[in-house]
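The lines below spell out each chain.
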Amino acid sequence: GRRSWTLDPSRSALGPSLLLVWLLDGTAARLRAPNALLPVCVLLAIAAVPVIHKRNSQWQDPLLLWADSVEKAPHNARGWQNLGVARMQAGDREGAREALLRARALGPDWAYTHMNLAVLEMQEGNNAQALAAADEAVRVAPKLGLAYYYRGQALEKIGRTQDAAAAFRMALAAHPGLQQAEAALAAFVGPPGEPTLEALMDEGLT
């Protein structure tokens, strides 16, 4: 599948920083002023304080961080996906949909974008669309337990409880110990020896 990557400003600045130090050191040597390097570095550090303060404020806010990331790397599918999640968590569903759809267009084979679209659709009550998104997540990542878990969530929303339970079991088969799937399946199975509500209803109908 297509590989997506996340821009890391701290790593991208490492090379230029080393180059700058090398140039300053070389310049000081040519000017025969070895003691000039320290005050120049101090002045540069002071000048960088506002920039560092701005970057720190961005890194502390996921919305600012990922908005800045996609502005600098607009073809980064993972950046758009993370921006969509941040917007969804902030309650901006329209903005989340825009970002997630952009992420899906850039990285159609990345399951996490489809799973987050499924979550968004369920939040808005579009359960059929949520199931379609979860199905796509399973298609592109058939060994990913979380994909089956979200498919089970969508199936449960539309009332297909038996299919939902089967999806949760498949999630556990792909990812043993997946807590979300265990909790969801326990709601169907119930404690050992105790019949589930669904079993009691079936017995009553029989």
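The preceding data block contains the structure.
This text gives an overview of the structure that appears in the document. (Residues numbered from 1 in each chain as written. Predicted model: local features only at pLDDT ≥ 70, side-chain atom pairs only at ≥ 80, totals over all residues. Heavy atoms only, no water.)

### Side note on the nonpolar core
It is characteristic of soluble globular proteins that their nonpolar side chains tend to be buried jointly.
Then, in step 1: By size, the foremost hydrophobic cluster in this structure holds 25 residues, and its most contacted members are Tyr149, Phe168, Ala171, Leu178 and Ala181.
Then, in step 2: Those elements that place two or more of their residues in this core are helix H7 (111–123), helix H8 (127–140), helix H9 (145–157), helix H10 (161–174) and helix H11 (179–189).
Then, in step 3: With residues near it in sequence (within four places) discarded, Ala171 still touches Gly145, Tyr148, Tyr149, Leu178 and Ala181.
Then, in step 4: Core analysis: the second largest hydrophobic core is formed by nine residues, Leu100, Leu117, Val119 and Leu120 among them. (Core = buried A, V, L, I, M, F, W, Y, C linked by side-chain atoms within 4.5 Å. Buried < 20%, exposed > 50% of the residue type's maximum accessible area, 1.4 Å probe, protein only. Helix = DSSP H or I, 4+ residues; strand = E, 2+ residues; numbered from the N terminus. Contact = heavy atoms within 4.5 Å.)

### Comments concerning H10
Then, in step 1: Counted at 1.5 Å a residue, the expected span for H10 with its 14 residues is 20 Å, and the 20 Å between its end C-alpha atoms agrees.
Then, in step 2: Listing the buried residues of H10 in full gives Ala164, Ala165, Ala167, Phe168, Ala171 and Leu172. The arc enclosing the buried residues of H10, seen along the axis, measures out at 160°, which places them on a common side. For H10, the exposed residues lying more than 90 degrees away from the buried face are Gln162 and Ala173. (Expected span 1.5 Å × (residues − 1). Arc of directions from axis to C-beta.)

### Here we look at the side chain of Asn116
Then, in step 1: Following the sequence through the fold, Asn116 ends up in helix H7.
Then, in step 2: You can call Asn116 buried: its relative accessible area is 16%.
Then, in step 3: Setting aside residues no more than four positions away along its own chain, Asn116 makes contact with Gln81, Val85, Met88 and Leu100.

### Section: the pattern of salt bridges
Then, in step 1: Under the criterion given, the structure shown has six salt bridges.
Then, in step 2: Here Lys72 makes a salt bridge to Asp68, at a shortest N to O gap of 2.6 Å. Of this pair, Lys72 and Asp68 both sit in helix H4 (residues 62–72), four residues apart, which is roughly one turn of that helix.
Then, in step 3: One salt bridge in this structure joins Arg97 and Glu121, with 2.9 Å as the shortest N-O distance. You can see Arg97 sitting in helix H6 (residues 93–106) and its partner Glu121 sitting in helix H7, a full 24 residues away along the chain. (Salt bridge = Lys/Arg side-chain N within 4 Å of Asp/Glu carboxyl O.)

### A few points about the environment of Gly152
Then, in step 1: Topologically, Gly152 is positioned in helix H9.
Then, in step 2: Overall, the relative accessible area of 0% leaves Gly152 in the buried class.
Then, in step 3: Sequence separation of Gly152 and Ala134 is 18 residues, and the distance between their C-alpha atoms is 8.6 Å.
Then, in step 4: In contact with Gly152, not counting residues within four places along its chain, are Ala164, Ala167 and Phe168.

### Digging into the packing of aromatic side chains
Then, in step 1: All chains considered together, the criterion is met by three aromatic pairs.
Then, in step 2: A ring pair is formed by Trp110 and Tyr112, whose centres lie 5.8 Å apart and whose planes are at 50°; its orientation type is tilted.
Then, in step 3: With a relative accessible area of 35%, Tyr112 lands in the partly exposed category.
Then, in step 4: Geometrically, the ring pair formed by Tyr149 and Tyr150 is edge-to-face, given 5.1 Å between the ring centres and 70° between the ring planes.
Then, in step 5: In this structure an aromatic cluster arises from ring pairing among Tyr149, Tyr150 and Phe168. (Phe/Tyr/Trp six-rings, centres within 6.5 Å; stacked < 30°, edge-to-face > 60°.)

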